[in-house]
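Here's the letter readout for the chains.
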Amino acid sequence: MEYNNNDVRRQDRLFSEDEARELLRNGEYGVLSMVDDSGDEPVAYGVPVSYVWDGDDALYVHCAKEGRKLRCLSGNARVSFCVVGQTRVIPDKFTTAYQSIVLECKAAIGLADDERRKALRMILDKYSREYAEIGSKYAERSFPRTEVIKLTISKWSGKSKRV
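Residues numbered from 1 in each chain as written. Predicted model: local features only at pLDDT ≥ 70, side-chain atom pairs only at ≥ 80, totals over all residues. Heavy atoms only, no water.

Draft legend 1. A look at the overall build of the chain. Looking only at helices and strands, the chain has 4 helices and 9 strands in total. The helix and strand sequence of the chain, counted from the amino end, reads β-α-β-β-β-β-α-β-β-β-α-α-β. Rg of the C-alpha trace for the chain: 17 Å, near the compact-globule value of 15 Å for 163 residues, within the 12% margin. Taking all 163 residues of the chain together, the buried fraction comes to 39%. Partitioning the contacts of the chain with sequence separation of at least 6, the portion at a separation of at least 24 is 71%. (Helix = DSSP H or I, 4+ residues; strand = E, 2+ residues; numbered from the N terminus. Rg over C-alpha atoms; globule rule 2.2 N^0.38 Å. Buried < 20%, exposed > 50% of the residue type's maximum accessible area, 1.4 Å probe, protein only. Contact = heavy atoms within 4.5 Å.)

Draft legend 2. Highlighting the packing of aromatic side chains. Scanning all chains against the criterion turns up 2 aromatic pairs. Look at Tyr 3 and Trp 156: their rings are 4.7 Å apart centre to centre, the planes differ by 75°, and that puts the pair in the edge-to-face class. Here Tyr 3 is found in strand E1 (residues 2-3), whereas its partner Trp 156 is found in strand E9 (residues 146-161), with 153 residues between them in sequence. Like Tyr 3, the residue Trp 156 is buried in the burial classification. Ring centres of Tyr 51 and Phe 81 lie 5.2 Å apart, and the angle between their planes is 75°; this geometry places the pair in the edge-to-face category. In this pair, Tyr 51 sits in the loop between strand E3 (43-49) and strand E4 (52-53) while Phe 81 sits in strand E6 (residues 78-84), placing the two residues 30 residues apart along the sequence. We note that Tyr 51, like Phe 81, is buried. Across the ring face of Phe 143, the terminal group of Arg 117 is positioned such that the distance to the ring centre comes to 4.0 Å. (Phe/Tyr/Trp six-rings, centres within 6.5 Å; stacked < 30°, edge-to-face > 60°. Lys NZ or Arg CZ within 6 Å of the ring centre and 35° of its normal.)

Draft legend 3. Region of interest: the state of the cysteines. Per the stated rule, a full pass over the model turns up 0 disulfides. Among the cysteines around Cys 72, which has no disulfide bond, Cys 63 carries the closest sulfur, lying 11 Å off. Owing to a relative accessible area of 0%, Cys 72 belongs among the buried residues under this scheme. (Disulfide = S-S within 2.5 Å.)

Draft legend 4. Just the side chain of Arg 13, in detail. Structurally, Arg 13 can be placed in the loop between E1 and helix H1 (17-26). Ignoring sequence-local partners within four residues, the contact set of Arg 13 consists of Tyr 98, Gly 158, Lys 159, Ser 160 and Lys 161.

Draft legend 5. A look at helix H3 (residues 113-127). For H3, which comprises 15 residues, the first-to-last C-alpha distance of 21 Å matches the rise-based estimate of 21 Å (1.5 Å per residue) to within 8%. Every buried residue belonging to H3 is among Arg 116, Ala 119, Leu 120, Met 122, Ile 123 and Leu 124, and all of these are buried. (Expected span 1.5 Å × (residues − 1).)

Draft legend 6. Unusual backbone geometry, seen in detail. Positive phi is not limited to glycine here, since Phe 94 has a value of about 55°. Tracing the sequence through the fold places Phe 94 in the loop between strand E7 (88-90) and strand E8 (95-108). With relative accessibility at 77%, the residue Phe 94 sits in the exposed group.

Draft legend 7. Structural context of helix H4 (residues 132-142). Those residues of H4 that fall on the buried side of the exposure criterion are Gly 135, Ala 139 and Ser 142. In a view along the axis of H4, the buried residues occupy a sector of 75°, so they form one face of it. Facing away from the buried side of H4 by more than 90 degrees, the exposed set consists of Glu 133, Ile 134 and Arg 141. Close packing links the buried residues of H4 with H3 and E9. (Arc of directions from axis to C-beta.)

What follows is the structure in structure tokens.
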């Protein structure tokens, strides 16, 4: 996974790779953007999702076994994923302080059961660590109805504005 800020227009607002990794690790949610080409002409489709990063080159997202996300991914596995960190509107300066990262990824579905279970455990650990035992039982009961999407990161960049 290549951290590359060369295409960021405002080079004065670059987010360091260490800061970007921290946001990727701890971000509350991200927006998964895809192409929906199921109609007469392709349209953009973005949806906010909970996610977990494996600490290497992949993110995991869980969802139902059917739906628009999966239909989009079956037509085009190339996606964008954006995580926004802290933001603060500064009205008297007509600006906003922010942190964000944008990732180019390739999505995969139909993962092996062991990888799906591992991803669900990581999601539980991130979002519900204090309820791990109950969460594990819940995840196992809903496992047959749960899909896991793996987003393999190819390239990413980060930007921030400090005010």
